Amino acid sequence: MQDPATSLGEIELVVFCSGGQSFSLDIRYVREIRGQSAITQLPHAPEEVLGVMNLRGAVIPVFDLSSCFGLGPTAADPRNVIMIAMNGARMIGLLVQAVSEIVSIQHSSIQDAPAMLGGPAQSHISGLIPLADGMSRVIDLPALIQRRLPVPA
Amino acid sequence: MAGQDSFRNLFFEEAEDLLGTLADDIARLKSGERDEEIVHSIFRAVHSIKGSAGAFALKHLVSFAHRFETVLDAVRSDRLALTPDLLRIVERSVDHLSVLTEAARNDRGTDQSTSDAALAVLDACLEGGVDVGSGSTLPMAERVLVFSFAPLALDFDDGEAKPSAQAFTIRFRPHPALYDNGHEPALLIANLAELGSIETDLDLSTLPDWSSPDIIEPAFSWVIRIETSAGLPAVQEVFEFVEGLCELSISEEHAPDALPAPFDTFADAVSADVPFSPVPDPAAARIATMKLTESPPVAPPSPAVAASAPASDGTAPQPTLRVDLDRIERLFNAVGELIINQSMIAQRVDDLQIQFDTDMTAHVESYRLLARDIQEAVMAIRAQPVKPLFQRMSRIVREAAEGTGKQAQIIMLGEATEIDKTVVERLADPLTHMVRNSVDHGLESPEDRRIAGKDPAGTIWLSAAHRSGSVVITIRDDGAGLNREKVLKVAVSKGLVPEGADLSEAEIDNLIFLPGFSTASATSLLSGRGVGLDVVRTAVQALGGRVGITSRPGKGTEFTICLPLTLAVLDGMLISVGGTSMIVPISAVLETIRPLPGDVQQIGPDERLLSIRGRYVPIIDLAEALGFPPAETDDPAMLLLLVETEARGTCALLVNRVHDQRQVVIKGLEGNYGQVAGVSAATVLGDGQIALILDPDGIVAPSYLGKSLAGAQRVAALT
């Protein structure tokens, strides 16, 4: 399979809201979207790691996307959803506020993120797409996951 | 690509089987069997390897196998006599074939000089040996030997009938250290029972007062009367490895006295708990005088003995099916789900509190039993005999002996014992290391052995046996034993123990497992590779096992590895910590206590000690250690789990609640996330929620205490 991020032509993106900002993710990473599930806290995990959840017998980590971007923890809300994403053999959950739409755009219309971005935004965002009601940030999922995994002792 | 790869894997799997057959055949030849069929079988196996290797262009393997095959062909057609020397060459050639196969599998090169040497040896056989033995070297008469050992066992049948039988009275009282080292009186007695007919009396006179039992001090002792023709040394040998760990007296009786000892008054209360009651008749269980008078072939044999019986000899091989491991893995996961689902349904039905609906209850119960049956059956698929692993060890012994100029033979017992495939695979490295270690450090040089009055060739015993839900693997040598003085000196010089420390013999023996300890004063080619026995211990612990050592000066050293049967399930204790459910492995838990207020002492601002049976152990607040908020509890009494850890010895973990004990399916965290300090894995509870499985060793480690700080720093570094 080709790496979703590098393929050209038309791509579909899932657009959702987290920490009050609009983000989007290549739909080929997304496996399913679930309502709030029981999450088990991990000891001494960083703030953005909410814990682990049970997805049909698999133990998968759940990250708070808002915290990952330094936007503070997502407030508890029954409308929050967990997006299950697959990167290679690794499955993870991302806690986000409501998913809004799925857009289909030309790969070429994704603009590079300007170099002025710093901090986590710089390393986790692969580009920007213009939407009718503003702009959405395209998440670089492999980079995002890689930075969140525990450092081997 | 994928097709080619899978064919290639298939070849290596087959080659492994064939190498196993080769090892078996050679063992038969070495034991004195002479059958043309064995030579044919060896030839065929080598030929098959050569043929398949050719298909994958494994040049070295093919050229060596070809030369080897030529020699075997000469033997087969009686042009070459199968002398002990030639047999040794054949054995070494099979070893070399394994080396080459392994190298090809891992795409590694091999040492050309060893290959050349091996080829040269084979060539020498062909040149020098063609004119030897024109007549048949395989006399037909010797074939009779093949099935000759079945009647042998019957000779033991009636010990009393033998004129040479002697009677011994053995008084045996185990010390706590005996149990600590993983010995089991029942097995010792079972071993005795193999020597002859025995009668065992359980001495209950030292049984403590039931109201305040001190569970640390073993209360049982035994008086065993044995009639055997094996002689005193054989009886002593049974107790060889527990000497110093028990009170033992062995005296010879002159007038045989067959009367059973008088009944004991405690009989009824205790006999049910006697751990070794293989009593065939339930009525007999009420008698305290345990009469273990079964003749050896009838007596329940110790697993090692049962398994060592050559099961393959004389019986046709069972048909087998090669299945991709992935498929079994999938089945295994599905069964794990089934078990979870079953317990969820059982819980729901329980919650409904249906009364008198016997149908429903019966269905739920039979569902539970079915689910367990399926689970066991699936686990049996993954179980593999340790035989291939052991066979590899015999090669290691030969290599190690050659490398150190020692003479060594290996005796394997219980090769048919089955363990989970993953355990077998992950055991290979630690076992290799230990076997090498036994030859390198355990056995003395032939000269030293001769001076000590021993056979110049040392012996390594490698045995595997099932013992109540776990597998016990022992590696024993008949070498010089540990030089405790030297061990202690090295440990002191490396700062591992303070000078002048007063250590027991067992404690000194265990020092060799410490990181940074290496006994060999001159680094040898074999064992001194910068890795010590601490690596072995870590590897065994990673498998959820323990490793122990017993040593007797001048007699040898015994390493014991105790492993769980499977890595897939674990017996755990469900606890609550700060409102979160967690699992603690039962194997780590010594006991649970509610201490009296006076038993807990404050030390410094925030450390507490628990006083238990005259010892002080540190109390660790689990919620605090894990960084969880403390739970509001209306129960002011403390609840402590006493756990045994490597890092800090016995520790008491403060928990909020202990729910129950259960078997849980282990789910790794590594696949989707990574390793989490203090947590070994996770499991799914009946309500679908995930519970973490704690690693007590990780939590009590001093480095874990500063974890909160480190975690905070890492978050800072990320942003």
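Cut-offs applied
- Residues numbered from 1 in each chain as written.
- Chains lettered and ligands numbered in written order.
- Predicted model: local features only at pLDDT ≥ 70, side-chain atom pairs only at ≥ 80, totals over all residues.
- Helix = DSSP H or I, 4+ residues; strand = E, 2+ residues; numbered from the N terminus.
- Buried ≥ 20, exposed ≤ 12 C-beta atoms within 10 Å, placed from the backbone.
- Contact = placed C-beta atoms within 7 Å.
- Pairing = 2+ DSSP bridges.
- Axes fitted to C-alpha atoms, helices over the stretch in contact; angles between N-to-C directions.
- pLDDT = per-residue confidence, 0-100.
- Core = buried A, V, L, I, M, F, W, Y, C linked by C-beta atoms within 7 Å.
- Parallel < 35°, antiparallel > 145°, perpendicular 65-115°, else oblique.
- Left-handed = near helix turned anticlockwise from the far one by under 90°.
- Nonpolar A, V, L, I, M, F, W, Y, C, P; charged D, E, K, R; others polar.
- Arc of directions from axis to C-beta.
- Expected span 1.5 Å × (residues − 1).
- Bend = angle between axes of the 7 residues up to and from the residue.

(A) A look at the overall build of chain A. Of the regular secondary structure elements, chain A holds 3 helices and 10 strands. Its helices and strands taken in sequence order, chain A reads β-β-β-β-β-β-α-β-β-α-β-β-α from the N to the C terminus. Out of the 153 residues in chain A, the part that is buried amounts to 35%. Contacts spanning at least 24 positions in sequence make up 55% of the contacts within chain A whose residues lie at least 6 apart.

(B) Looking closely at the overall build of chain B. Of the regular secondary structure elements, chain B holds 22 helices and 22 strands. The burial tally for chain B puts 32% of its 719 residues in the buried class.

(C) Here's a closer look at the sheet that holds strand S2 (residues 196–203) of chain B. Residues and elements named next belong to chain B. Spatially, the 4 strands line up as an open sheet ordered S2-S3-S1-S4, and their pairing is antiparallel. With partners counted over all chains shown, the strands left at the sheet margins are S2 and strand S4 (246–253), one partner each. On average, each strand axis in the sheet is tilted by 15° relative to the strand beside it, whichever way the strands run. Judged from the 8 bridges that link them, strand S1 (residues 166–174) and S4 form a sheet pairing that is antiparallel. Paired with Pro 174 across the bridge in S4 is Cys 246. Of the strands in this sheet, S1, S2 and strand S3 (221–228) are in contact with helix H7 (residues 185–193), which crosses S3 at around 15°.

(D) Molecular detail of the sheet that holds strand S21 (residues 679–684) of chain B. Residue and element names in this part refer to chain B. Spatial strand order, S20-S12-S13-S22-S21: 5 strands in an open sheet with mixed pairing. The open sheet is flanked by strand S20 (657–665) and S21, the only strands paired with a single partner. The mean angle between the axes of side-by-side strands here comes to 35°, regardless of whether they run parallel or antiparallel.

(E) Fine view of the confidence of the model for chain B. Residue and element names in this part refer to chain B. Mean pLDDT over chain B works out to 74, with 77% of the residues at or above the 70 mark. Across chain B, the element-wise mean pLDDT spans from 38 in helix H10 (residues 303–308) up to 91 in strand S22 (residues 690–694). The low-confidence segment residues 256–314, where pLDDT is below 50, has 87 contacts with residues more than four positions distant or belonging to other chains. Throughout residues 707–719 the model reports pLDDT below 50, and contacts reaching past four residues in sequence, or to other chains, amount to 13 contacts.

(F) Structural detail: the pairing of strand S10 (residues 546–552) of chain B. Residues and elements named next belong to chain B. Alignment of S10 against strand S11 (residues 556–564), held across 7 bridges, turns out to be antiparallel. Following the sheet pairing, Arg 546 is matched in S11 by Cys 562. Here S10 folds back onto S11, and the loop between the two strands holds 3 residues, one of which, Gly 554, carries a positive phi near 80°.

(G) Looking closely at the nonpolar core. The biggest cluster of nonpolar side chains holds 77 residues, and the ones touching the most others in it are Val 52 of chain A together with Ile 620 and Leu 653 of chain B. When near neighbours in sequence (up to four residues on either side) are disregarded, Leu 653 of chain B contacts Ile 620, Leu 622, Leu 640, Leu 641, Val 643 and Pro 696 of chain B. By size, the runner-up hydrophobic cluster in this structure holds 38 residues, among which are Val 386, Val 439, Leu 443 and Val 472 of chain B.

(H) Just the packing of helix H14 (residues 421–442) of chain B against helix H18 (residues 533–542) of chain B, in detail. Residue and element names in this part refer to chain B. Two numbers describe how H14 lies on H18: the axes approach to 9 Å, and their chain directions differ by 150°. Viewed along their axes, H14 and H18 adopt a mutual orientation that is roughly antiparallel. Classified by chirality, the crossing of H18 by H14 is left-handed. Only Leu 533, Val 535, Val 536, Ala 539 and Val 540 of H18 make contact with H14, whose side of the interface consists of Arg 426, Asp 429, Pro 430, His 433, Met 434 and Asn 437. A class-by-class count of the residues in the contact of H14 with H18 yields 7 nonpolar, 2 polar and 2 charged.

(I) Expanded view of H18 of chain B. Residue and element names in this part refer to chain B. Those residues of H18 that fall on the buried side of the exposure criterion are Leu 533, Val 536, Arg 537 and Val 540. Down the axis of H18, the sector holding all buried residues measures 100°, keeping them to one side. Just past H18, the residue Gly 544 takes up positive phi, approximately 80°.

(J) Region of the structure containing unusual backbone geometry. Despite not being glycine, His 44 of chain A has its phi angle at roughly 55°, a positive value. In this fold, His 44 of chain A is placed in the loop between strand S4 (39–40) and strand S5 (49–55). Overall, the presence of 22 C-beta atoms within 10 Å leaves His 44 of chain A in the buried class. A positive phi is found at Arg 613 of chain B, a non-glycine position, where the angle reads about 45°. Here Arg 613 of chain B lies in the loop between strand S16 (607–612) and strand S17 (615–621). Classification of Arg 613 of chain B as exposed rests on a count of 7 C-beta atoms within 10 Å.

(K) Representation of H14 of chain B in the model. Taking 1.5 Å of rise per residue, 22 residues should cover 32 Å, and H14 of chain B covers 29 Å from first to last C-alpha, within 8% of that figure. Of all bends in H14 of chain B, the biggest is about 40°, found at Ala 428 of chain B, and the proline Pro 430 of chain B comes one to four residues later.

(L) Layout of the packing of helix H13 (residues 387–404) of chain B against H14 of chain B. Residue and element names in this part refer to chain B. One can describe the packing of H13 onto H14 by two numbers: an axis separation of 9 Å at closest approach and a directional angle of 30°. Our classification of the angle between H13 and H14 gives roughly parallel. The interaxial crossing formed by H13 with H14 has right-handed handedness. The segment H13 lies against H14, with Leu 389, Arg 392, Met 393, Ile 396, Val 397, Ala 400, Ala 401 and Thr 404 engaging Val 424, Leu 427, Ala 428, Leu 431, Thr 432, Val 435, Arg 436, Val 439 and Asp 440. Of the residues belonging to the contact of H13 with H14, the class tally is 12 nonpolar, 2 polar and 3 charged.

(M) Looking closely at the confidence of the model for chain A. Looking at chain A, the pLDDT average stands at 83 and 88% of residues meet or exceed 70. Ignoring residues within four places in sequence, the model shows residues 1–5 of chain A, a span with pLDDT below 50, making 7 contacts including any to other chains.

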